[in-house]
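Understanding the architecture of this molecule
This is what each chain is made of:
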Amino acid sequence: MSLETSQLNELHWLMEMLHNIDVGLVVLDTEFRVQIFNGFMENHSGYFPREAKDKVLFDLFDEIPQEWFRRKAEAVFLLKNKAFTIWEQRPYVFKFDSYRPVTGSADFMYQNTTFIPLLSSTGDVTHLCLLVYDVTDTAVHKMSLETANAELAILSQTDGLTSLFNRTHWENCLQAEYKRIRSQHSSSLVMIDIDHFKNVNDTYGHLVGDEVIRHISALIREHVRETDISGRYGGEEFTILLSDTSLKNAYVFAERLRREVESAVVKYNDIELKYTISLGIAEVDASIQTYEAWIECADAALYHSKENGRNRISLHPKQK
Ligand SMILES: Nc1nc2c(ncn2[C@@H]2O[C@H](COP(=O)(O)OP(=O)(O)OP(=O)(O)O)[C@@H](O)[C@H]2O)c(=O)[nH]1
């Protein structure tokens, strides 16, 4: 075999491989006219290479944002450097359908693309090569992992029965908020406990007890503002951080909640029952040095309510 034949063979094989490779390949001139268009591009776009040849890329694919693409390509022509796009920033350059069997849920093909400057024999960049990688599987897996992680984060922060924050997460929020509000703002902590709740369980059973817990949780959610942070602190104990709220205003809030509970009737199948709550309030002040001490102050006030007949509100002893 002469050298020429072997070189021709090599070239032929190279062209065959580029045509059949599972990566999109487009060569463009400086006017963005298509010069090479491989099999991957043909299969996904429906254009034959001979149809695409010499057509301006934007006329074939009107989904490509021209200004952005030109800017990106100009940098490649001028600086003779490669450029890249990744699916996280721009999901695709060419809007192709996704045929992946594993990731059938994707509406389109996610793509990473590489722009490669092609040097002529004189050292000028007269053409650029665009490589298009189908990264749908990676993208879909990563996105579903992110969704699962976000759901897990919510689950790990939320109490299952009431959908309020659980104690750990509520305390983390309080700790963060305590640092923020300590010096500049007045904020109040309300602790709530259902009165004689053991009797409810003992008389009607745990399912009815759960219904009462759901009832007070729903009332709490209804009454708080978006900036307030409420949580289930224990079995039948709840906490609310009322941001930017003085002791006086926290009292107004607490009294409204207490009255509403007092007048409500909880229904479960044919059972109807009434219940009450006791509350304790502490406003943050200079004497309270840690968020734990703040909880203790509100808890002491709640204890005072319990000791003095229940169905009432008490303020932190030093703040009365
Ligand atoms: N149904 C139900 N009961 C719970 C739950 N968590 C805690 N409890 C019950 O709540 C009751 C709390 O009782 P105690 O701490 O003695 O207080 P109490 O009966 O409410 O009395 P006071 O607080 O003094 O008014 C216990 O019987 C717990 O078993 C829950 O998720 N569901």
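Preceding block: the structure.
Attention in this report is confined to the structure presented alongside it. (Residues numbered from 1 in each chain as written. Predicted model: local features only at pLDDT ≥ 70, side-chain atom pairs only at ≥ 80, totals over all residues. Heavy atoms only, no water.)

Moving on, we come to the sheet that holds strand E3 (residues 83-85). Taken together, five strands build an open sheet; the order of strands is E2-E1-E5-E4-E3 and the sheet is antiparallel. The open sheet terminates on both sides in strands that have one partner only, identified here as strand E2 (34-37) and E3. Strand-to-strand twist in this sheet, taken as the mean axis angle between neighbours without regard to direction, amounts to 20 degrees. Of the pairings in the sheet, the one linking strand E4 (residues 111-119) to strand E5 (residues 125-134) comprises nine bridges and is antiparallel in character. Note that in E5 the partner of Ile-116 across the bridge is Cys-129. (Pairing = 2+ DSSP bridges. Helix = DSSP H or I, 4+ residues; strand = E, 2+ residues; numbered from the N terminus. Axes fitted to C-alpha atoms, helices over the stretch in contact; angles between N-to-C directions.)

Of note, the phi angle at Asp-244 is positive, near 50 degrees, even though the residue is not glycine. Relative to the helices and strands, Asp-244 resides in the loop between strand E8 (237-242) and helix H10 (247-263). Of note in the backbone geometry, Arg-310 takes a positive phi value of approximately 65 degrees without being a glycine. Relative to the assigned elements, Arg-310 resides in the loop between helix H11 (291-307) and strand E12 (313-315).

For the rest of this paragraph, the subject is the nonpolar core. Grouped together as the largest cluster of nonpolar side chains are 29 residues, with contacts concentrated most on Ile-192, Ile-194 and Ile-277. Elements that contribute at least two residues to this core include exactly strand E6 (188-194), helix H8 (197-204), helix H9 (206-223), E8, H10 and strand E11 (277-283). If near-sequence neighbours (up to four positions away) are discounted, Ile-194 is found in contact with Val-212, Ile-213, Ile-216, Glu-236, Phe-238, Tyr-275, Thr-276, Ile-277 and Lys-306. Residues Val-34, Phe-40, Met-41 and Val-93 belong to the second largest nonpolar core, which totals 28 residues. (Core = buried A, V, L, I, M, F, W, Y, C linked by side-chain atoms within 4.5 Å. Buried < 20%, exposed > 50% of the residue type's maximum accessible area, 1.4 Å probe, protein only. Contact = heavy atoms within 4.5 Å.)

Here we take up H11. In this model H11 runs 24 Å from its N-terminal to its C-terminal C-alpha over 17 residues, within 8% of the 24 Å that 1.5 Å per residue would give. Residues Tyr-291, Trp-294, Ile-295, Cys-297, Ala-298, Ala-301, Leu-302, Ser-305 and Lys-306 constitute the buried set of H11. On its buried face, H11 sits against helix H7 (167-181), E6, E8, E11 and E12. Of the residues trailing H11, Gly-309 is marked for its positive phi of about 110 degrees. (Expected span 1.5 Å × (residues − 1).)

Lining the immediate surroundings of the ligand are 17 residues, of which His-196, Phe-197, Lys-198, Asp-210 and Arg-232 lie closest. Backbone polar atom of Lys-198 to an oxygen atom of the ligand: 2.8 Å apart, as the coordinates give it. In isolation the ligand exposes 670 Å². Once the protein is present, 67% of that is buried. At the level of secondary structure, the elements contributing two or more residues to the shell around the ligand comprise E6, H8 and H9. Element by element, the count of residues in the shell around the ligand is highest for H9, at four residues. (Near = heavy atom within 4 Å. Polar contact = N/O pair within 3.5 Å; in protein donor to acceptor, adjacent residues only side chain to side chain. Areas by Shrake-Rupley, 256 points an atom, 1.4 Å probe, with all protein chains shown as cover.)

With that settled, consider the sheet that holds E11. Spatial ordering of the open sheet is given by E7-E8-E6-E11-E12, a layout of five strands whose pairing is mixed. Among the strands making up the open sheet, the edge pair consists of strand E7 (229-232) and E12. Each adjacent strand pair in this sheet contributes to an overall mean axis angle of 15 degrees, direction not counted. Bridging between E6 and E11 involves seven bridges; their strand directions are antiparallel. From the neighbouring strand, Asp-193 faces E11, where its bridge partner is Ser-278. Running over the sheet, H9 touches E6, E7, E8 and E11 and is turned about 5 degrees from E8.

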